[in-house]
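# A look at the structure
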Amino acid sequence: MADVADDIEQRLYTVPPDRFVAARDDAVAAARAAGDRDAARRIARLRRPTLAAWLVNLLAINRPELVADLVELSAALRTAQRELRGERLRELSNQRRAAVNALVAAARDLARAAEPAVAAGKLPLPEVEATLNAALSDADVAEQVRSGRLLRPVSYAGFGEVPRPQLRLLTGGAGPAEPAAGPPGKGGRERPGEERTEPGRERAERERAEEAARAGQRRELTRELAAARTRQKRAETDLRRCEAAEHDGVGALNRIEAELAEVERRRAAAEEEVGRRRTARRAAERAASTARRHAGEVEAAIEAFDAETVPQAARRADSGSAGRRPAPKERRRG
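Rules used in this analysis
Residues numbered from 1 in each chain as written. Predicted model: local features only at pLDDT ≥ 70, side-chain atom pairs only at ≥ 80, totals over all residues. Heavy atoms only, no water. Helix = DSSP H or I, 4+ residues; strand = E, 2+ residues; numbered from the N terminus. Buried < 20%, exposed > 50% of the residue type's maximum accessible area, 1.4 Å probe, protein only. Polar contact = N/O pair within 3.5 Å; in protein donor to acceptor, adjacent residues only side chain to side chain. Contact = heavy atoms within 4.5 Å. Salt bridge = Lys/Arg side-chain N within 4 Å of Asp/Glu carboxyl O. Expected span 1.5 Å × (residues − 1). Arc of directions from axis to C-beta. Lys, Arg positive; Asp, Glu negative; His and termini not counted. pLDDT = per-residue confidence, 0-100. Axes fitted to C-alpha atoms, helices over the stretch in contact; angles between N-to-C directions. Parallel < 35°, antiparallel > 145°, perpendicular 65-115°, else oblique. Nonpolar A, V, L, I, M, F, W, Y, C, P; charged D, E, K, R; others polar. Phe/Tyr/Trp six-rings, centres within 6.5 Å; stacked < 30°, edge-to-face > 60°.

### Regarding the side chain of Asn57
Structurally, the position occupied by Asn57 is in helix α4 (residues 51-62). Taking the relative accessible area as the measure of exposure, Asn57 reaches 0% and is therefore buried. Within the structure, the side chain of Asn57 is placed 3.4 Å from the backbone nitrogen of Arg149, a separation counted as a polar contact. With sequence-adjacent residues up to four places away left out, Asn57 is seen in contact with Tyr13, Pro49, Gly148, Arg149 and Leu150.

Here is the structure:
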């Protein structure tokens, strides 16, 4: 039964979002009628995707080979960025743009084939593109996209992993490094007891210059460290604020979706009640029509009866008066 539930779940995520709730409820009712309560509970927990997430799910379900290529490309991009391989990174970046553009076009074509009415409107293709770019930058997002069960689009502010800065401490100025100790006459330091060819004053000036250069480099690195820590603190503060805002947004979205589900349930119940009342009204109309027709028939029968009965009574009255002789008049007595 798990495979059946998987198939139903995949089919539901190809249904346009405006019909998702009704299709999910029908699937839950079918699973309950089949006696599969586990599948019914699992299907009932499915959430409706946004329009942009639906487009990405269409890609993952109908064009899995393109999404698989995207996942492989994302891994290659992260490797190239970690290794700071510039030429390879530029090549992969061109492939990334081409792959994302092809996937966005495929999503638009799939939407037109699946639901022309939805595709006729303005599709959120920029959100689809942002989600695909996020999948290229984050392995977890890539797996979510590949699953075909995405609920909302994803965005990513940067691209790839942030390389750590390579810091190198330079000593002795920008010139060549101080040669290692070696035998005299081959660029090495003088051995104790040997005569020094460099005058002491010039040597002291050179050492002071080197010391000043090292101190300047130290101050520069200290300032850079302070600036980096300040940027880090601001970035971490922004991250916490964004995480809190995202959490609040997810909570608000969950509440809205719960309210929407309740409204959908009430709408379905209201539609069912309207259907029952419409059926009752039509039955009442038929009964009223039948009653009116019967009343008319009875009225017509009464009129016909009256029309036939009155002339017969009149004829009987006329025939009775004709058979009687008038009474003789009494004679007057004189």
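### Examining the pattern of salt bridges
Following the criterion strictly, the structure yields 16 salt bridges and no others. Of the charged contacts, one joins Glu205 and Arg201 as a salt bridge, the two residues approaching to 3.8 Å between their closest N and O atoms. Remark: Arg201 and Glu205 occur in helix α10 (residues 200-322); sequence separation between them is 4 residues, near one turn of the helix. Residue Glu205 is classed as partly exposed on the basis of its relative accessible area of 40%. Glu273 is paired through a salt bridge with Arg276; the nearest N and O atoms lie 2.2 Å apart. Highlighted residues: Glu273 and Arg276, both in helix α10, separated by 3 residues, approximately one helical turn. Residue class for Glu273 comes out partly exposed when judged on its relative accessible area of 26%.

### Quick look at helix α2 (residues 20-33)
When the terminal C-alpha atoms of α2 are compared, their 20 Å separation across 14 residues agrees well with the 20 Å that a helix rising 1.5 Å per residue should span. Here α2 has its buried residues at Phe20, Val21, Ala23, Arg24, Ala27, Val28 and Ala31. Projected down its long axis, α2 shows its buried positions confined to an angular sector of 165°, all on one face. More than 90 degrees from the buried face of α2, the exposed residues found are Asp26 and Ala33. Positive backbone phi, approximately 85°, marks Gly35, located one or two places after α2.

### Overview of the side chain of Asp36
Of note, Asp36 is situated in the loop between α2 and α3 (37-44). Although Asp36 is buried, it forms no salt bridge, and the closest oppositely charged side chain is Arg41 at an N-O distance of 7.4 Å. A polar side-chain atom of Asp36 sits 3.1 Å from the main-chain amide nitrogen of Ala39.

### Examining the confidence of the model for the protein chain
Per-chain confidence: the protein chain averages 77 in pLDDT, with 76% of residues scoring 70 or above. In this model, residues 159-198 is a region of pLDDT below 50 whose contacts with residues beyond four sequence positions or in other chains number 37 contacts.

### Topic: the packing of α2 against α3
Between α2 and α3, the shortest axis-to-axis distance is 8 Å and the interhelical angle comes to 170°. Accordingly, the angle class assigned to the pair α2 and α3 is roughly antiparallel. Counted together, Arg24, Ala27, Val28, Ala31 and Arg32 of α2 and Ala39, Ala40, Ile43 and Ala44 of α3 form the full contact between these two elements. The residue makeup of the contact of α2 with α3, split by class, is 7 nonpolar, no polar and 2 charged.

### Let's talk about the packing of aromatic side chains
Applying the stated rule across the entire model yields 1 aromatic pair. Ring centres 5.4 Å apart and planes at 45° place the aromatic pair Tyr13 and Phe20 in the tilted group. We note that Tyr13, like Phe20, is buried.

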